[in-house]
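The primary structure of each chain is shown beneath.
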Amino acid sequence: MACHNASIFALAGGDLNLESATLGVDMLEQPSQHGGSACADEKMIDAADPANSLFLKLLRKKSLNKLNATACVRQPMPPNAVTHDKFLSGPDFRCLSNWVAEVAATEVAKENGDLPDFVPVKAQEALAKAKYMLHGGAPTAKELRALGGPDAQVSPEDLKHLIAEWEQTPEYQTKLERFFLTTFQINSLGNPGVYNDQFWKLAKYDGLNKDNRNITLIQSFRDMMVKTAWRIYDNEQPFSEVATTRKWEVTSAILASLAYLEKGKGLAERKSNKKYLGEYEYFQASDFSDWKTVTIEQSDTRFDWAPDSSAMIESLRDIEDGSRISMVRPMVGFFSTPAFYAIWQTNEDNQFRVTTHQTLIIALDKEFEISDATPHSTENGIPPEHADPSTVCYSCHRHMDPMRLAFMNTINTHNHAIEPESNALTPSFSFFGVNKSFNTIDDLAKIIAEHPEFPKAWIQKLCMWGNSQRCDDTDPEFKRIVQVFKDNNLNYRLAVREFFSSPLFTGTELTKNHETHEFILSLSRGDHLCQAMQNRLDTLKGINNPSADTIEVCPKPCFYKNGKFLKSCRDEKHFGLIPPDTFDRAKTDFVQVFQVGPFDVKSLDQKCAQLAEDVVKNTNKGIINSAQDIDKTIGQLVEHIIGLPKNHLRHDELTAGLKRIYDLSTHSTACSSGVNPTQQNAISCGYSHTKLEAVRNLFFAACSSPDILSIGM
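The following refers to the structure shown. (Residues numbered from 1 in each chain as written. Predicted model: local features only at pLDDT ≥ 70, side-chain atom pairs only at ≥ 80, totals over all residues. Heavy atoms only, no water.)

This part covers the state of the cysteines. Tallied over the entire structure, the rule returns 3 disulfides. Between the sulfur atoms of Cys463 and its disulfide mate Cys471 the distance is 2.1 Å. One quick way to see it: the torsion about the S-S bond of Cys463 and Cys471 is about -105°, and its sign makes the bridge left-handed. The residues Cys463 and Cys471 share a single accessibility class, namely buried. (Disulfide = S-S within 2.5 Å. Buried < 20%, exposed > 50% of the residue type's maximum accessible area, 1.4 Å probe, protein only.)

Structure (structure tokens):
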């Protein structure tokens, strides 16, 4: 819950949650609590009569005029509706009316236990879902046999063996690194100008744009956390070290950037003397790729930023893998990286509240809530003008404001550079059952890492990533996986293996979660689609034509022109219009698209049509040569692109379907007017396409098939 406009929230009972995922159920059958008895019978969403919902009445001029405007109407919508006669248009209102009716029907069905009947998933679907999420390649006949065949009851142990094999592949590492980008909330490059607060003129100075060094450095700030998390994960260290680590994966360029931040308030001096990081002229290409593990210890002496010669960067190049250096700026945990501070910038008004909030959301999957009754041990840092104890705002700020002092005592709000607070107040931590005073950011990191919510939080993130929704945390199977995570010293590699082989994810048997949450077949997201298609095309390239050019399915983030991103490639890992999993401010759930709309379909069609032209050629330059045997081509599309091995129960049917598409495309007799070629039983006419056109049609059909556009078909 947000703490602003507190009087409105208080009138709503102090428990208003505007999370989109819960908005419908929170409004269902809830009486308006504004205006007293005048609105006693007005339900926000009326389950029995959705058209009578107060939510809808406030949106229509006709119904609004029938309400007691002074007692019942808090605020018509849109806010200028009455004064400017700007009510919602008919189509917009009908759209919201349909949503209200759907909420009423869906939520009532849930209350009555009327979820769709749960049907256990077969081995072929469980394999497809698990490999799609953890690898992206097409399932193989050998893998399906290892699970007992296409319609077998899956043994979690058998699936664990397959997962262990995928773990040894670069595709698996890429998948987990994408997951870390999302969970640590750094997968959005955003406008590169956001780094200007930390590194003045970094994104504007053209001198670094040679060889894309500017974008390379910004990507390196993200990779610093991702590579560090992967090392912790891959070495099976306690995953809570992502919050406490001082051992970082860095490059010489990253170390130079951190040295720059040691200057603190020297920003004005750097401006006047043109000592910008972006103007440092002694970088070389290898400084952006010489990854090494370096422990950055706490020091009382600032690391020297010396921009007037090459000596500084030369000394940083000489730092060996496994070395230790010291800096004053605290470099501890995921919340201290330049990428995190760039995404979650603060300022003089916010004063690290957003930084603190997002830190807890990432680590513990929890927000500051009014309902958190944990006592707080100090009033330090709680400004009465911002959070008066008599207001509902105080209920959150009493937890948040003393905690944010950990940042305020060491880092400035302008550019997150080191700036020790001369009149530092002692911070404290009070959050969901844990109440401790502490002194440093290292102390805060340790408290977060040891918080009882940490293990559950990181299993819940796997639910959101793998199932496109939260799991029921009261499900015994969910609790079992959390306990396995805890019992094995927070070994996250083992926990991932445990989750993705569990019926909680595969749907191979009924658990409590499937009784409270519909087992959904979700639309894939951009990052999953990109990797699935990339891996499958690369496999087919290796089979057919290893010398063919590699096709970049989804372009890497691009790139500057006059210091700015090109609009055509600003967003990374979109497949058509389908975005990747991402995050939002003050939201614990991932931001995910899991249902397809008409614009999505159109964009997917355009993407697949373009890929068809790139993949299928009438020469040996393509991944598929249209002149090769058509049965071979169809078999490759079914098995390597769509992902149905020969022993899959739908393999033969889909093969026959693609052969029919090809025969219709190439039939030399055009159909007469009024004849729909696709509705013929025996094909006697068609579209007279060339073989090149026909094979491209086949690739388009494979690319746009539900098996590759969904998770777990």
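The structure having been displayed, the exposition proceeds.
A word on the environment of Val596. Structurally, Val596 is set in the loop between β8 (564-565) and α26 (598-615). Overall, Val596 belongs to the partly exposed group, its relative accessible area being 46%. Every residue in contact with Val596, bar those within four places of it in the chain, is listed here: Leu523 and Val601. (Helix = DSSP H or I, 4+ residues; strand = E, 2+ residues; numbered from the N terminus. Contact = heavy atoms within 4.5 Å.)

As a rule of thumb, soluble globular proteins bury nonpolar side chains together. In terms of nonpolar packing, the biggest core is built from 158 residues, with Phe180, Phe184, Phe239, Tyr492 and Phe699 touching the most fellow members. When residues of this core are assigned to their parent elements, the largest contribution, 10 residues, is made by helix α11 (residues 213-234). Beyond its immediate sequence surroundings of up to four residues, Phe699 is in contact with Met533, Leu537, Cys608, Leu611, Ala612, Val615, Val616, Ile624, Leu637 and Ile641. Judged by nonpolar contacts, the second largest core, of 10 residues, contains Met27, Phe55, Phe93 and Val103. (Core = buried A, V, L, I, M, F, W, Y, C linked by side-chain atoms within 4.5 Å.)

Orientation of helix α10 (residues 170-183) relative to helix α25 (residues 526-544), taken along the N-to-C sense of each, is 170°, at an axis distance of 11 Å. By the angle class used here, α10 and α25 are roughly antiparallel. Side by side, α10 and α25 meet where Glu171, Thr174, Lys175 and Arg178 of the first sit next to Asp527, His528, Gln531 and Asn535 of the second. In terms of residue class, the contact of α10 with α25 is made up of no nonpolar, 4 polar and 4 charged. (Axes fitted to C-alpha atoms, helices over the stretch in contact; angles between N-to-C directions. Parallel < 35°, antiparallel > 145°, perpendicular 65-115°, else oblique. Nonpolar A, V, L, I, M, F, W, Y, C, P; charged D, E, K, R; others polar.)

Here we take up the packing of aromatic side chains. For the coordinates displayed, the defined rule picks out 31 aromatic pairs. Consider the rings of Phe335 and Phe407, whose centres lie 6.0 Å apart with planes at 80°: the pair is edge-to-face. Of this pair, Phe335 sits in the loop between β3 (323-327) and α16 (338-343) while Phe407 sits in helix α18 (residues 394-408), and the two are 72 residues apart along the sequence. When the ring of Phe500 is compared with that of Phe505, the centres are 4.6 Å apart and the planes differ by 70°; the resulting orientation is edge-to-face. According to the relative accessible area criterion, Phe500 is buried, its value standing at 0%. In this arrangement the basic side chain of Lys227 is found over the ring face of Trp291, its NZ or CZ atom lying 5.1 Å from the centre. Taking the ring centre of Trp458 as reference, the NZ or CZ of Lys461 above it sits at 5.1 Å. (Phe/Tyr/Trp six-rings, centres within 6.5 Å; stacked < 30°, edge-to-face > 60°. Lys NZ or Arg CZ within 6 Å of the ring centre and 35° of its normal.)

By themselves these figures say nothing about function.
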